[in-house]
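Here is what each chain is made of, one letter per residue.
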Amino acid sequence: MYIDPHAHMISRTTDDYEAMARAGVVALIEPAFWVGQPRTFVGTYVDYLSTIVGWERFRAGQFGIRHYCTIGLNSKEANNEELAEGVMEWLPRFALKEGVVAIGEIGYDEQTPAEDKYFRLQLELAKELNLPVMVHTPHRDKKRGTSRSMDVCEEMGVDPSMVVIDHNNEETVAECLQRGYWAGFSIYPSTKMGNARMVEILKQYGGERIIVDSACDWGISDCLGVAKTAELARQSGIPEETIRRVCYQNALDAYGQSGQIREEDWLNPPSIDQSTLYEGNSILRGGREPVIEEPGARRSNLIIE
């Protein structure tokens, strides 16, 4: 069994959900983030948050996957002060909804004063609600941005054990672990972190507080990043217990601190019934017969080509 703790499923197809289920993904977390172009007013953000706490939760369940999410104002759009102020008014309402496991993904993009302001405000919200935090580290100047993110968390009095620092790489992992944070790694084609590089990190650091995710989104990305990394690690002689920790247990332990994600959610789930509707809508098209079966019936081994 795998958990993908960073998957932007609003941008993925039902084929992706089906492939993830077949590969052994039993649960995923969808972080609130940028949608590929700037949102221009608060209403679009509200509709987006409504989708990831509602429709996507339903859609994942149609394939036997439990869906959770994080709620936050992303760093790129924090630079639009009018939008940011409006979103901040809505966040507490969404953060209290069922299935929300953290405030995130938040942090820095260009490391501007506005990004710093709203990062701190959302850390304060996480403290008030006793929720974990998912931190987005910047793509540019990553090492400094990652250190700065942890500095700010500590300045705000947030316990490192409640924070997942995501999008780590070889330059940032040692400091992240040394300072007591959860270290997330996004398996992503050509950037961030590749499968083989991830295996080398596991050989060096083991599995303590390391979390593997796919970060699959609307760009060129792989929704099977977690499962494929697990299989390559297995082939490379990484101990099975380490694989289980980085591809399953650590994510459960980190985000389980929210009280919103529990192992029994997928060990004893409802049956898959694709005849059910969400606000009158179905995932089915063209008269296709609905799948009605016990969860896990279609699991199969993942093949790495």
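None of these values were measured; they are calculated from a predicted model.

Formed by 78 residues in total, the largest nonpolar core has its most connected members in Leu49, Ile71, Leu73, Leu123 and Met198. Not counting residues within four places of it along the chain, the set of residues in contact with Leu73 comprises Tyr45, Ala78, Ala84, Val87, Met88, Leu91, Glu105, Ile106, Tyr118 and Gln122. Listed in part, the 18 residues of the second largest apolar core include Val26, Ile29, Tyr68 and Ala102.

The next subject is the environment of Glu77. When you line up the elements, Glu77 lands in the loop between strand S3 (66-71) and helix H4 (81-95). For Glu77 and Gln37, which are 40 residues apart along the polypeptide, the C-alpha to C-alpha distance reads 9.6 Å. Of the polar contacts made by the side chain of Glu77, one reaches the side chain of Asn74; its length is 2.6 Å.

Turning next to the pairing of strand S5 (residues 133-136). What you see with S5 is no split at all: Val133 and Val135 on one side and Met134 and His136 on the other are buried throughout. Crossover strand S4 (residues 100-107) to S5 through helix H5 (residues 113-129) is right-handed. In this sheet, strand S6 (residues 163-166) lies alongside S5 in parallel orientation, the contact comprising 4 bridges. Considered in S6, the bridge of Met134 is made with Val164.

Here the focus is the pairing of strand S8 (residues 210-213). Of the two faces of S8, the one carrying Ile210 and Val212 and the one carrying Ile211 and Asp213 are both buried. Note: strand S7 (residues 182-186) against S8, 4 bridges, orientation parallel. Bridge pairing links Ala183 to Ile210 in S8. You can see the chain leave S7, run along helix H8 (residues 195-205) and come back into S8, and the turn it takes is right-handed.

In this chain, Gly104 is followed by Glu105 through a cis amide linkage whose omega measures -10 degrees. Structurally, Glu105 is set in strand S4. Residues other than glycine seldom take positive phi values, yet Asp141 does so here, at roughly 55 degrees. Here Asp141 lies in the loop between S5 and helix H6 (142-155). A positive phi angle, close to 50 degrees, is found at Glu279, a residue other than glycine. Relative to the assigned elements, Glu279 resides in the loop between strand S9 (272-273) and strand S10 (292-293).

What follows concerns the packing of aromatic side chains. One pass over the full model with this rule turns up 8 aromatic pairs. A centroid spacing of 6.2 Å and a plane angle of 45 degrees characterise the contact between Trp90 and Phe94, whose relative ring orientation is tilted. Residue Trp90 and its partner Phe94 are located together in helix H4, separated by 4 residues, close to a single helical turn. The class for Trp90 is partly exposed, based on a relative accessible area of 31%. One aromatic cluster is present, formed by Trp55, Phe58 and Tyr278 through successive ring pairs. Over the face of the ring belonging to Trp90 we find Arg93, whose NZ or CZ atom lies 4.0 Å from the ring centre. A cation sits over an aromatic face here: Lys97 above Phe94, 5.6 Å from the ring centre.

What counts and what doesn't
- Residues numbered from 1 in each chain as written.
- Predicted model: local features only at pLDDT ≥ 70, side-chain atom pairs only at ≥ 80, totals over all residues.
- Heavy atoms only, no water.
- Core = buried A, V, L, I, M, F, W, Y, C linked by side-chain atoms within 4.5 Å.
- Buried < 20%, exposed > 50% of the residue type's maximum accessible area, 1.4 Å probe, protein only.
- Contact = heavy atoms within 4.5 Å.
- Helix = DSSP H or I, 4+ residues; strand = E, 2+ residues; numbered from the N terminus.
- Polar contact = N/O pair within 3.5 Å; in protein donor to acceptor, adjacent residues only side chain to side chain.
- Right-handed = clockwise from strand over helix to strand, strands pointing away.
- Pairing = 2+ DSSP bridges.
- Phe/Tyr/Trp six-rings, centres within 6.5 Å; stacked < 30°, edge-to-face > 60°.
- Lys NZ or Arg CZ within 6 Å of the ring centre and 35° of its normal.

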